[in-house]
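Commentary on secondary and tertiary structure
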Amino acid sequence: MRPILLSGHERALTQIKYNREGDLLFSVSKDQIICVWFAHNGERLGTYRGHQGAIWTIDVDPTSTILASGSADNTIRLWDIKTGKCLKTWDFPTAVKRVEFNEDGTKLLGVTEKRMGHLGTIVVLDVKIDVEAEQDDEKVMTIVCEESKATVAGWSYLSKYIIAGHEDGSVSQYDGKTGDLIYNISIHELNNQLTDLQWSQDRTYFITASKDKTAKLVSAKDLEVMKTYPSDTPLNSATITPKKDFVILGGGQAAMDVTTTSARQGKFEARFYHKIFEDEIGRVRGHFGPLNTVAADPTGKSYASGGEDGYVRIHHFDKGYYDFMYEVERERQNKLSAA
Amino acid sequence: MAPSFDHLRDEDLDEDDFDMDEVDISDLREKYEVQLDEGYDTFVVIDGLPVVNEDQKPKLVKFLLKKLATVGKTREDMIYMPLGDDGMSLRFAFVEYSSPAEAAAAVRQLDLVALDKKHTLRVNKLTDVDRYGREGRVEEEYTPPKIDEFQEKEHLRSFMADPSGRGRDQFVMFRGETVGVFWNNEKDQPENIVDRQQWTETFVQWSPFGTYLTSVHAQGVLLWGGPSWARLKRFAHPFVNLVAFSPGEKYIVTWSNRPIAIPDSGHPVLSLDDDGKNYIIWDIETCKPLRSFAQLDTPAGPVDDEGVKKAPKVSWPAFKWSADDKYVARLNPGASISIYELPRMNLMDKTAVKIEGVVDFEWAPATPRRDGVKTYEQLLCFWAPEVGSNPARVGLMSVPSKQIVRSLNLFSVSDAKLHWQSDASYLCVKVDRHSKSKKSQATTLEIFRVREKGVPIEVVDTIKDTVINFAWEPKGDRFVIITTTEVPGAAVAPKTAVAFFCPEKAKGNAIGNFKHLRTLDKKNSNGIYWSPKGRFVCIATVHNQQSSDLEFFDVDFEGEKPEGEKDMTANLQLMNIGEHYGMTDVEWDPSGRYIATWASAWKHSAENGYHLYDFRGEPLREEAIEKFKQWAWRPRPATLLSKEEQKQIRKNLRDYSRVFEVEDAERISSADVAVVEHRRRLLEEWHAWRAAMDEELAEERADLGLVADPVAELLKAKQAEIAPDGAEEQVIEEIMEEVLEETEEIVN
C-alpha cells in the first residue's frame with residue numbers, strides 16, 4: 001500500500017508513538033507541538049499546545065486516557081487525550097529527554113539532561129490514570145547518573161527494573177522500587193551513545209539503537225545481548241515488530257552533515273532485519289533526511305517513521321509482508337499446526 | 001682535612017713514582033683520537049695524469065686547470081706536481097681548492113672523467129688517501145669473502161596452487177590502514193590469507209607475474225611473497241613515490257620527486273654517485289642498484305590563463321622496457337630516445353637515438369615476428385609533431401639495429417597516441433587532426449599491420465568525432481573506441497558513443513580490412529575494459545558523479561548474427577548491464593572469469609567498497625567498506641602448457657566442466673544445508689528462551705498476586721466508566737474495498 005505522508009510538523013520529528021490499540025499515532029517534534037493522527041488514514045485528530053521548547057519525547061498510557069510529554073522547556077506535562085487539556089506540569093532544572101509509563105500506567109519515568117552543573121537523572125513520578133484526579137507533585141524516586149548521563153530509559157516487565165541507556169554506550173539495570181544500580185554493562189562501542197530503547201510487547205527484552213551503527217536485542221533480566229544488527233549508518237531508532245519476528249532500524253548520516261550529501265549517500269532508509277536470524281530483509285526509502293524515530297503498530301498492521309525532514313510516514317503492510325517466511329519458520333509453523 | 005698548600009707534606013708530592021710516559025695509552029688514543037681539521041680538507045689528489053718532463057709541466061698544469069676550475073676556485077700555483085729523480089713527473093698532482101666544499105665537489109664530479117683519449121682522472125681527497133691508504137689500514141693478505149651457507153627459500157609461486165583445488169585467484173585489498181590478501185570466493189566472503197596493519201604507507205602493487213607484493217615506505221620499497229609473506233627484497237630509495245617493474249620481473253625502477261641526498265655518514269646501498277638523482281634502476285635478484293638517473297629538466301609547462309606556470313608533468317613510466325627486459329629506454333622530449341642495454345645499463349652505442357621533435361614512444365609489448373625477418377629484434381614506435389613545413393612523423397624502429405622499419409608522414413596533427421596490440425601484431429596510431437582553421441577536431445586511426453610484409457598501413461577515417469578512449473582486444477584483432485562530440489575537459493561530462501570495430505572476413509589466413517561494426521549512442525561511458533583473454537569487454541562509466549553504468553558485451557556471441565554483419569569476424573551481443581555508484585576503478589582477474597569494480601577513498605569518500613561480477617556481468621557480491629582504497633588481482637605468470645596441450649584441454653572442456661560443476665553443486669548444497677541448520681538452531685533457541693521467559697514471568701506475576709493481564713483490567717474499568725450499562729456501544733463501520741481482478745477489454 002502507498003505510505004501515508006503526515007505533513008503536520010514544521011520541524012524535525014523527535015519521537016512517535018502508537019497507542020495500545022494501534023489506531024492512534026502521537027508525534028512530537030522540535031516545533032513545540034504534539035499531534036495525534038488516525039493511524040489508518042493519516043487524518044489529524046488534533047494537537048496539544050503548551051510546551052515552550054522543542055519536545056523530545058512522548059508516551060501514552062495503556063488505556064489511551066492520558067498523554068505524557070517531556071520537553072526542552074524543562075517540564076513534563078500530562079494531557080487529557082480526549083480534550084487536549086494540560087492536566088499537570090512538573091518542572092525540572094534541565095530538559096527532559098525521555099518519558100515512559102510502566103506497564104499498568106501507574107508510574108512515569110523521566111530522563112533529565114545533564115546541563116548547567118546538574119547531573120543527568122532519572123526521576124519517577126506517581127500517576128493516576130484519571131483526568132479528574134489531582135496528580136502528586138512529589139517525585140517518588142530520583143536516580144542520579146554520575147558516571148555517564150542517561151539518554152534513554154524504560155520500565156521492564158512488572159515494573160521490576162528500570163533500564164537506562166547511556167551516552168557512553170552502556171546500559172544499566174536499576175531496581176524499579178529502590179532505584180539501586182544492579183548492573184552496568186557496555187554493549188555498544190565506547191562513547192557511541194544509545195539513541196533509542198524500545199520494548200518487546202511483554203517488556204522482557206528490548207532493542208537498543210546506537211551511533212556505533214548497530215542495534216542490539218538485549219534481555220531485561222540479565223542484560224545479555226542476544227542479537228546484533230549491524231548497519232552502515234549511525235542509528236537513531238529501532239523497534240520490534242509484533243506478529244512478525246522482525247526489527248526495524250532507522251538512522252542516517254548525522255543531521256549536521258545532511259545538507260552536503262545527496263539522499264542516496266545519506267542512507268535515509270528504514271531497514272528491516274529478521275529478529276532471530278539477524279539478516280537484513282529489506283529497506284524502505286522515502287525520507288529525505290535521517291530517520292529520527294520509528295515505531296511499530298502494537299497490533300502489527302503498520303509501522304511509522306519520523307524524519308529530520310519534518311514528515312511522518314505511515315506504512316501499512318501488504319499481504320507479502322505477512323506471507324514472507326524463511327523455510328525453517330514455515331517448517332516450524334507446519335509442525336505446530338499439525339500437532 | 002683537605003690538602004692545602006700550607007701544610008703540603010713531601011709525601012703528597014710523590015709524582016716521581018708515577019711516570020706518564022710509561023702508561024701505554026696508544027689503544028685509547030687510536031680509539032678516541034679526534035679527527036682534527038688538519039687544513040688538508042681543501043686538498044685533492046689527482047691520479048692518472050700523463051708523464052711529463054719539466055718543460056711540458058706548465059702546459060699540462062694549464063690544461064688541467066681548465067678542468068679543475070669547472071668545480072671550484074684554484075690557481076696555477078695551487079697545483080703541485082712533484083717530479084721524480086729522473087726529472088719526469090710521477091703521474092699525480094696535489095691541488096688545493098679555496099674551500100673543503102669545492103674539494104668535495106671535485107671528487108664527486110671529476111673522478112673518472114676522461115682527460116683525453118688515453119687518460120682518465122682519478123680524484124681523491126687528500127685526507128681520504130691518508131685515512132684509507134695509511135699502512136696497516138688495508139690488509140696485505142687476500143682473504144676470500146665469506147659465502148653464506150645455501151638456504152632453501154620458500155616457493156614463490158606457491159600461490160598458483162589453490163589449496164581448495166578450484167584454481168581460484170588471489171587479490172589484495174587495501175582498506176583503512178590494513179592490507180590483506182584474499183582468495184576470491186565468488187559470492188561468499190573472500191577467504192583471508194594474510195592481513196596486516198600498516199603494511200604499506202601509500203599503496204601496494206603486484207609484480208608482473210604476481211611473485212611479489214610491493215609495499216612503499218618513506219625508507220624505500222619492500223617486496224613480499226612466498227607462503228609466509230616474508231620480506232624478500234628491499235630497495236632503499238628514500239622518499240620513493242612510484243615503482244615500476246620490468247615486464248620480465250627482473251628489474252625495478254623507483255622514482256622520488258626529491259633528489260637523493262646521500263648523508264655524510266654514507267648510505268647502506270647507494271653511493272655518492274647517486275646523490276641528486278631521482279630514478280634508480282635496480283636488479284631484483286641481487287637488490288643492487290644498477291644505475292641512477294636525475295630527472296630531466298622538462299621544459300616549463302605551458303603558461304595557463306592566469307599566467308601561472310603549471311608544474312611540469314611527470315610522465316610515468318619514464319623508463320619503458322622492451323618486452324624481453326633487454327632494453328630500457330627514456331625519452332628526452334623533443335630531442336632523442338636514450339636506449340640502455342641490460343644488465344650493464346650502458347647507453348646503447350654510447351649515444352642516444354636522435355629524433356627531431358620526438359614526443360612519445362612505446363615498445364612493442366611482445367617480441368614481434370615480422371614477415372621475412374629472421375634476426376632478433378625489438379620494435380619501438382615513436383612520433384614527432386609537425387615542425388614548420390615538415391610533416392609530423394610516426395616511425396617504427398627496430399632495435400638494436402636502429403633501422404627505421406616503417407615511417408608515416410602526417411599533416412594537420414594536433415596530437416597522436418600510440419596503441420600496441422598485446423601480441424605486437426598491430427599498432428594503432430590515434431591521430432587527432434585539426435582543420436586549417438585549427439578549430440574542428442577529427443580523429444583517424446592509422447593501423448600498422450606489423451606482421452605483414454612491408455608493414456602495410458590501413459587508415460580508418462570514418463570517425464567524425466574526437467576519440468577519447470581506444471582499446472585493442474588482448475590477443476585479438478578487434479577494438480573498441482569511445483568518441484565524443486564535445487570538447488573534453490568541459491564542466492559537464494560529455495555524452496559519448498561507443499563504437500566497435502573488427503576485421504572483415506577474408507580468404508585463407510589473411511585478415512581483412514578493419515570495418516566499423518556498430519555504434520552505441522548517448523552514453524556516458526568512458527572506460528573500456530577487455531577481458532585479458534579477449535572476447536568479452538566491459539564498457540564502464542568511471543569517475544562520474546551522475547552515472548556509474550557497466551555494460552558487458554560478448555563479441556563472439558554464439559546466437560543469431562544480424563544479416564548486415566554476415567561478413568564480419570565478430571557478433572556483438574550485450575549480455576548484461578550493471579551499476580556501481582561512484583566507482584572509480586575496474587579490473588579483470590587474470591583468468592578473465594571475474595571483474596571487480598571499486599570506489600576508492602583516494603578519489604571520494606562516498607560509498608567506498610567493491611562489487612564483483614562474473615564475465616557475463618552477473619553480480620556476485622558487493623561489500624561497502626569504510627576507507628576502501630585499493631583492490632588488485634594477483635597476476636599469474638604465463639602458462640607452461642604448450643599450444644597443443646591447451647588445444648587438447650579446450651577440446652575436452654566439456655568433460656572437465658562436468659567434474660567442476662558437480663563439485664560446485666556439492667559445495668553449494670553443503671553450504672546451504674549448513675545455513676539452514678544454523679537457522680533452525682537459532683529459531684529453536686529463540687523459542688525455547690521465549691517459552692522459559694513466559695513461564696517465569698507468569699510465575700513471578702502470580703507470586704506478586706497480580707492479575708495475568710493488568711491492562712485488560714484497566715480497560716474493563718474504563719469501558720465501564722464510559723458506558724456504565726454497556727448499551728451505548730458505538731459501532732463504527734469501515735468500508736474496505738479490495739480489487740479482486742482487473743481485466744481490460746479492447747472494443748473495436
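Source: prediction; values computed, not measured.

1. Some thoughts on unusual backbone geometry
All names here are of chain B.
- Here the bond from leucine 342 into proline 343 is cis, since omega is 5 degrees, no more than 30 degrees from zero.
- Tracing the backbone shows proline 343 in the loop between β18 (336–341) and β19 (346–347).
- Omega for the bond connecting valine 399 with proline 400 falls within 30 degrees of zero, at 15 degrees, which places this linkage in the cis form.
- For proline 400, the location among the structural elements is in the loop between β23 (392–399) and β24 (403–410).
- One non-glycine residue with positive phi stands out, namely lysine 402, at about 60 degrees.
- Within the secondary structure, lysine 402 sits in the loop between β23 and β24.
- For arginine 535, which is not glycine, the phi torsion reads 70 degrees and is therefore positive.
- According to the relative accessible area criterion, arginine 535 is partly exposed, its value standing at 25%.

2. Regarding the nonpolar core
- Within the largest apolar cluster, 37 residues are counted, with the highest numbers of intra-cluster contacts made by A:Phe206, A:Ile207, A:Tyr229 and A:Leu249.
- Of all the elements in the fold, those that place two or more residues in this core are β15 (161–166), β18 (194–199), β19 (205–210), β20 (214–219), β21 (225–230), β22 (235–240) and β23 (246–251) of chain A together with α6 (653–703) of chain B.
- For this core, the element with the highest residue contribution is α6(B), accounting for 6 residues.
- Not counting chain neighbours up to four residues away, the residues in contact with A:Ile207 comprise A:Asp196, A:Leu197, A:Gln198, A:Ala215, A:Lys216, A:Leu217, A:Tyr229, A:Ala238, A:Thr239, A:Ile240, A:Val247 and A:Leu249.
- Formed by 23 residues, the second largest nonpolar core is a distinct cluster that contains B:Leu60, B:Ala93, B:Val95 and B:Ala103.

3. Some remarks on a nonpolar patch on the surface
Residue and element names in this part refer to chain B.
- On the surface, a nonpolar cluster with roughly 440 Å² of combined accessible area is contributed by Leu641, Ile649, Leu653, Tyr656 and Phe660.
- It is α6 that contributes the most residues to the nonpolar patch, 3 residues altogether.
- Note that leucine 653 resides in helix α6.
- Classification of leucine 653 as partly exposed rests on a relative accessible area of 47%.

4. Notes on the UniProt feature "repeat: WD" (unreviewed entry) in chain A
- UniProt's feature table lists "repeat: WD" (unreviewed entry) at residues 6–47, 48–89 and 284–314 of chain A, given in the numbering used throughout.
- Counting secondary structure, residues 284–314 of chain A comes out at 0% helix and 52% strand; the distance between its end C-alpha atoms is 11 Å.

5. Considering the environment of B:Val387
Residue and element names in this part refer to chain B.
- Along the chain, the position of valine 387 falls in the loop between β22 (378–384) and β23.
- We classify valine 387 as partly exposed; its relative accessible area is 45%.
- With 30 residues separating them along the chain, valine 387 and glycine 357 place their C-alpha atoms 7.8 Å apart.

6. Section: the interface of chain A and chain B
- Opposite the 34 residues of chain A that make contact, chain B presents 28 residues.
- Both faces considered, chain A and chain B share a buried interface measuring about 3,000 Å² in area, 62% of it formed by carbon and sulfur atoms.
- Linking chain A to chain B there are 7 salt bridges.
- Notably, a salt bridge pairs B:Glu626 with A:Lys213, separated by 2.8 Å at the nearest N-O pair.
- Along the contact surface separating chain A from chain B lie 9 residue pairs in polar contact (both at pLDDT 80 or more).
- The element contributing the most residues to the side of chain A that touches chain B is helix α3 (residues 327–338) of chain A, with 4 residues.
- The residue inventory of the side of chain A that touches chain B, partitioned by class, reads 11 nonpolar, 7 polar and 16 charged.

7. Remarks on the packing of aromatic side chains
- What the rule picks out here adds up to 50 aromatic pairs over all chains.
- For the pair A:Phe288 and A:Tyr311, a centre-to-centre distance of 5.9 Å together with 65 degrees between the ring planes defines the contact as edge-to-face. Of the two residues, A:Phe288 is situated in the loop between β25 (280–284) and β26 (291–296) and A:Tyr311 in the loop between β27 (302–307) and β28 (312–316); the sequence distance between them amounts to 23 residues.
- Put simply, the rings of A:Phe246, A:Phe272, A:Phe277, A:Tyr303, A:Phe317, A:Tyr321, A:Tyr322, A:Phe324 and A:Tyr326 touch in pairs and so form one group of aromatic residues.
- Sitting over the face of the ring of B:Phe239, B:Arg258 holds its NZ or CZ atom 3.7 Å from the ring centroid.
- Just above the ring of A:Phe277 sits the side chain of B:Arg679; from NZ or CZ to the centre is 5.7 Å.

8. Regarding helix α2 (residues 57–68) of chain B
Residues and elements named next belong to chain B.
- Its 12 residues place the ends of α2 16 Å apart at the C-alpha level, agreeing with the 16 Å of an ideal helix rising 1.5 Å per residue.
- Along α2, the residues that are buried comprise Lys57, Leu60, Val61, Leu64, Leu65 and Leu68. One side of α2 carries all its buried residues, which in axial view fall inside an arc of 140 degrees. For α2, the exposed residues lying more than 90 degrees away from the buried face are Lys59, Lys62 and Lys66.
- Packing partners of the buried residues in α2 comprise β1 (43–47), β2 (79–80), β3 (93–96) and α3 (100–110).

9. Some thoughts on the sheet that holds strand β10 (residues 220–225) of chain B
Residue and element names in this part refer to chain B.
- Spatially, the 4 strands line up as an open sheet ordered β8-β9-β10-β11, and their pairing is antiparallel. The two strands at the open ends of the sheet, each matched to only one other strand, are β8 (204–206) and β11 (230–235). Direction aside, the axes of adjacent strands within the sheet are offset by 30 degrees on average.
- Judged from the 5 bridges that link them, strand β9 (residues 213–217) and β10 form a sheet pairing that is antiparallel. In the sheet register, serine 215 faces β10, and the bridge partner there is leucine 222.

10. Section: the sheet that holds strand β4 (residues 122–125) of chain B
Residues and elements named next belong to chain B.
- The strand order across the open sheet formed by 4 strands is β2-β3-β1-β4, and the pairing between neighbours is antiparallel. The sheet terminates laterally at β2 and β4, the two strands that pair on one side only.
- Alignment of β2 against β3, held across 2 bridges, turns out to be antiparallel. Counterpart to tyrosine 80 in the pairing with β3 is phenylalanine 94.
- Its contacts with the sheet place α3 against β1 and β4, and it is angled at close to 150 degrees to β4.

What counts and what doesn't
- Residues numbered from 1 in each chain as written.
- Chains lettered and ligands numbered in written order.
- Predicted model: local features only at pLDDT ≥ 70, side-chain atom pairs only at ≥ 80, totals over all residues.
- Heavy atoms only, no water.
- Helix = DSSP H or I, 4+ residues; strand = E, 2+ residues; numbered from the N terminus.
- Buried < 20%, exposed > 50% of the residue type's maximum accessible area, 1.4 Å probe, protein only.
- Core = buried A, V, L, I, M, F, W, Y, C linked by side-chain atoms within 4.5 Å.
- Contact = heavy atoms within 4.5 Å.
- Patch = residues over 30% accessible without salt bridge, like charges linked within 9 Å, V, L, I, M, F, W, Y side chains within 5 Å.
- Areas by Shrake-Rupley, 256 points an atom, 1.4 Å probe, with all protein chains shown as cover.
- Salt bridge = Lys/Arg side-chain N within 4 Å of Asp/Glu carboxyl O.
- UniProt positions renumbered as here; feature names shortened; annotations may be inferred.
- Buried area = accessible area lost by both parts, 1.4 Å probe.
- Polar contact = N/O pair within 3.5 Å; in protein donor to acceptor, adjacent residues only side chain to side chain.
- Nonpolar A, V, L, I, M, F, W, Y, C, P; charged D, E, K, R; others polar.
- Phe/Tyr/Trp six-rings, centres within 6.5 Å; stacked < 30°, edge-to-face > 60°.
- Lys NZ or Arg CZ within 6 Å of the ring centre and 35° of its normal.
- Expected span 1.5 Å × (residues − 1).
- Arc of directions from axis to C-beta.
- Pairing = 2+ DSSP bridges.
- Axes fitted to C-alpha atoms, helices over the stretch in contact; angles between N-to-C directions.

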